[in-house]
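Topology and contacts: notes
Given next are the chains, with one letter for each unit.
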Amino acid sequence: MGAASGAGAASGGGAVAGGGAGGPPAAGRGGAPGGRGGPPLTPEQLAARRDSIAQLRAATVAQLMSTIAGKEDMPAGQVFKNVQFMKDVPAKRLLVQMDSVFGRGLSYNCTSCHVANDWASDSLPRKKTARAMVEIMNDINTTELAKLGRPRTPQINCITCHRGNGSPGTAIPSR
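Below is a summary of the structure that appears in this document. Model, not experiment: these values are computed from the prediction.

1. Brief notes about the overall build of the protein
Counting its regular elements, the protein contains five helices and zero strands. Helices and strands in the protein line up, N terminus first, as α-α-α-α-α. Relative to its 175 residues, the protein shows a buried fraction of 34%. Nonlocal contacts in the protein, meaning residues at least 24 apart in sequence, comprise 63% of its contacts between residues at least 6 apart.

2. Observations regarding the state of the cysteines
Taken as a whole and assessed by the stated rule, the structure comprises zero disulfides. In this model C113 remains outside any disulfide bridge; the closest cysteine sulfur is found in C110, 9.2 Å from its own. Taking the relative accessible area as the measure of exposure, C113 reaches 9% and is therefore buried. For the unlinked cysteine C158, the closest cysteine sulfur is that of C161, found at 9.1 Å. Residue classification places C158 among the buried residues on the basis of a relative accessible area of 12%.

3. Concerning the pattern of salt bridges
According to the stated counting rule, one finds four salt bridges in the structure shown. One salt bridge connects D122 with K127, and the closest N-O pair in it is separated by 3.5 Å. The exposure class assigned to D122 is partly exposed, which follows from its relative accessible area of 30%. A single network of salt bridges, built from pairs that share partners, joins D122, K127 and R131.

4. Structural notes on the packing of helix α1 (residues 43-67) against helix α3 (residues 91-106)
Working note: a packed helix pair is described by the angle between its axes plus the distance between those axes. Between α1 and α3, whose axes approach to 10 Å, the crossing angle comes to 170°. Taken together, the axis directions place α1 and α3 in an arrangement best described as roughly antiparallel. Across from R57, V61, L64 and M65 in α1, the residues of α3 making contact are K92, L95, V96, D99, G103 and R104. Here the contact of α1 with α3 is composed, by residue class, of five nonpolar, one polar and four charged.

5. With respect to α1
Between its first and last C-alpha, α1 extends 36 Å over 25 residues, near the 36 Å set by a 1.5 Å rise per residue. By the burial criterion, the buried members of α1 are I53, R57, T60, V61, L64 and M65. For α1, the elements touching its buried residues are α3.

6. A closer look at the nonpolar core
Residues I68, F80, L94, L95 and F102 are the most contacted members of the largest nonpolar core, which totals 23 residues. Those elements giving two or more residues to this core turn out to be α1, α2 (76-79) and α3.

7. Concerning unusual backbone geometry
Positioned with a positive phi, N82 is a non-glycine residue whose angle comes to about 65°. Mapping N82 onto the fold places it in the loop between α2 and α3. The residue M86 is not glycine, and still its phi comes out positive at about 60°. With respect to the helices, strands and loops of the structure, M86 is situated in the loop between α2 and α3.

Calculation notes
- Residues numbered from 1 in each chain as written.
- Predicted model: local features only at pLDDT ≥ 70, side-chain atom pairs only at ≥ 80, totals over all residues.
- Heavy atoms only, no water.
- Helix = DSSP H or I, 4+ residues; strand = E, 2+ residues; numbered from the N terminus.
- Buried < 20%, exposed > 50% of the residue type's maximum accessible area, 1.4 Å probe, protein only.
- Contact = heavy atoms within 4.5 Å.
- Disulfide = S-S within 2.5 Å.
- Salt bridge = Lys/Arg side-chain N within 4 Å of Asp/Glu carboxyl O.
- Axes fitted to C-alpha atoms, helices over the stretch in contact; angles between N-to-C directions.
- Parallel < 35°, antiparallel > 145°, perpendicular 65-115°, else oblique.
- Nonpolar A, V, L, I, M, F, W, Y, C, P; charged D, E, K, R; others polar.
- Expected span 1.5 Å × (residues − 1).
- Core = buried A, V, L, I, M, F, W, Y, C linked by side-chain atoms within 4.5 Å.

Dropping the structure here:
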């Protein structure tokens, strides 16, 4: 492993120490609008929340990119610690994937699944859940969807079910 201390991510990848923005905004916590026991967020509030979380992730990714400068093209498993999936992809791609697929797909900030400045830690339950979900997703993509027998097999990812929400959608919207 490289000298940088890093993390296992939702995908099993991670980032180097010293990075990380704070947790998700207050909305969605406690009695705040959209929180447990509170009224649901309006579409405008949801969009604002997603934008603020995206900004937090972008700042974290930028900081981590500067920390791995010169190692961006090395395999993620050599740059970061505790990488369990995507070990062989370039470190830069792992960070981009964590932001664009996992973060955007669930509207999560990096610290929703990771301990800031201890990215390799497996102490948060969401990180363990995310790893299990990646295994399920990989099985669906490589085994189940391949059964369709199409020349170009379709693929799923987090956003397929989550649609930018922490929990996957279960209701069919009324027309």
